[in-house]
Amino acid sequence: MENVLLLGLSAPADDDPYGDPLLRALSAPGASGTRLVVSTAPSVLARAGSEIIAPSHPVADALRQMASLADGIVITTPETAAAPPTSLRTLLNWLTWPTEGSPLIGKPVAVITTSTAPAAEPEPYCEVERMLFSAGATIIGPRTVVPRVDRALREEPDGQVAFGDPGAAVRLLFHVHRTAAAARETSGLPPADDFRPWLL
């Protein structure tokens, strides 16, 4: 079976303590026929934010290459009506500017937001989604909001991260499944062997 390659992006732990662990929990075992590679925002890009007008940056070029090779993107960010963490915003700026050369144009992108608060009615769109819309990405929505994320994830004795909330795991895997299906369609790949249409 041909794998769909998804690139998972999050802010560093100092800016978002739950994004990277959530992506790592999703990456193993992950959805069938899908490989999720996890990367946090390189700190050098956050420090180089003022250089956004420069034609290139070696780390940004490598990041854009990674995004180009991926069939789809999964982005985690805190659930808020305000701007996302500066490091993640800067990373997205490097990926989306200039628009003409952005590797996100037409790319299926899933947005997952986290909150330590109980479930609440989310804003219609978060700032990350607005940035992705402007870049011409294909948003696979609606975004999945993970409330009480501090309780939804647990660290195992071997250092791996697992889901302690089965409901959150199902919602997230469903979102990844839809993103992978959209990536297969965009890339011209056949559906996964175990693909089931979800009538929701």
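One structure accompanies this document, and this report is about it.

Reading the values: the criteria
Residues numbered from 1 in each chain as written. Predicted model: local features only at pLDDT ≥ 70, side-chain atom pairs only at ≥ 80, totals over all residues. Heavy atoms only, no water. Helix = DSSP H or I, 4+ residues; strand = E, 2+ residues; numbered from the N terminus. Buried < 20%, exposed > 50% of the residue type's maximum accessible area, 1.4 Å probe, protein only. Contact = heavy atoms within 4.5 Å. Areas by Shrake-Rupley, 256 points an atom, 1.4 Å probe, with all protein chains shown as cover. Salt bridge = Lys/Arg side-chain N within 4 Å of Asp/Glu carboxyl O. Axes fitted to C-alpha atoms, helices over the stretch in contact; angles between N-to-C directions. Parallel < 35°, antiparallel > 145°, perpendicular 65-115°, else oblique. Nonpolar A, V, L, I, M, F, W, Y, C, P; charged D, E, K, R; others polar. Phe/Tyr/Trp six-rings, centres within 6.5 Å; stacked < 30°, edge-to-face > 60°. Lys NZ or Arg CZ within 6 Å of the ring centre and 35° of its normal.

### Section: the overall build of the chain
Thought 1: Within the chain, the regular secondary structure consists of 7 helices and 8 strands.
Thought 2: A burial count over the chain gives 44% of its 200 residues as buried.
Thought 3: Taking as baseline every contact in the chain between residues at least 6 positions apart, the subset at least 24 positions apart corresponds to 77%.
Thought 4: Here the chain has roughly 9,900 Å² of accessible surface; of this, 55% comes from carbon and sulfur atoms.

### Concerning the pattern of salt bridges
Thought 1: On inspection of all chains with the given rule, the structure shows 6 salt bridges.
Thought 2: Arginine 89 is the salt-bridge partner of glutamate 127, the closest N and O atoms lying 3.6 Å from each other. Of the two residues, glutamate 127 sits in helix 5 (residues 127–134) while arginine 89 sits in helix 4 (residues 86–96), which places them 38 residues apart along the sequence.
Thought 3: Arginine 89 gets classed as partly exposed once you look at its relative accessible area, which sits at 30%.
Thought 4: Between glutamate 156 and arginine 154 there is a salt bridge whose closest N-O contact spans 3.1 Å.
Thought 5: Glutamate 156 gets classed as partly exposed once you look at its relative accessible area, which sits at 25%.
Thought 6: For arginine 154, a relative accessible area of 43% corresponds to the partly exposed category.
Thought 7: One network of salt bridges, with partners in common, ties together Glu79, Glu129 and Arg143.

### What to know about helix 1 (residues 19–27)
Thought 1: Most of helix 1 is tucked away: 7 of the 9 residues are buried.
Thought 2: Buried residues of helix 1: Gly19, Asp20, Pro21, Leu22, Leu23, Ala25 and Leu26, and no others.

### Let's talk about unusual backbone geometry
Thought 1: Here glycine 141 and proline 142 are connected by a cis peptide whose omega angle stands at 0°.
Thought 2: Phi is positive for arginine 148, which is not a glycine, with a value near 45°.
Thought 3: By relative accessible area, arginine 148 is classed as partly exposed at 33%.

### Some thoughts on the packing of helix 3 (residues 58–69) against helix 4
Thought 1: Across the interface, helix 3 lies against helix 4 with an axial gap of 9 Å and an inter-helix angle of 75°. Our classification of the angle between helix 3 and helix 4 gives roughly perpendicular. Every residue of helix 4 that contacts helix 3 at Ala60, Leu63, Arg64 and Ala67 is listed here: Leu91, Trp94, Leu95 and Thr96.
Thought 2: When grouped by side-chain class, the residues that make up the contact of helix 3 with helix 4 number 6 nonpolar, 1 polar and 1 charged.

### What to know about the packing of aromatic side chains
Any pair of aromatic rings gets described here by the distance separating the centres and the angle formed by the planes.
Thought 1: Under the criterion given, the structure shown has 1 aromatic pair.
Thought 2: Ring plane angle 80° and centroid distance 5.5 Å describe the contact between tyrosine 125 and phenylalanine 133, whose orientation is recorded as edge-to-face.
Thought 3: According to the relative accessible area criterion, tyrosine 125 is partly exposed, its value standing at 44%.
Thought 4: Relative accessible area serves as the criterion here: at 43%, phenylalanine 133 is assigned to the partly exposed category.
Thought 5: Lying across the ring of phenylalanine 174, arginine 178 places its NZ or CZ 4.9 Å from the centre.

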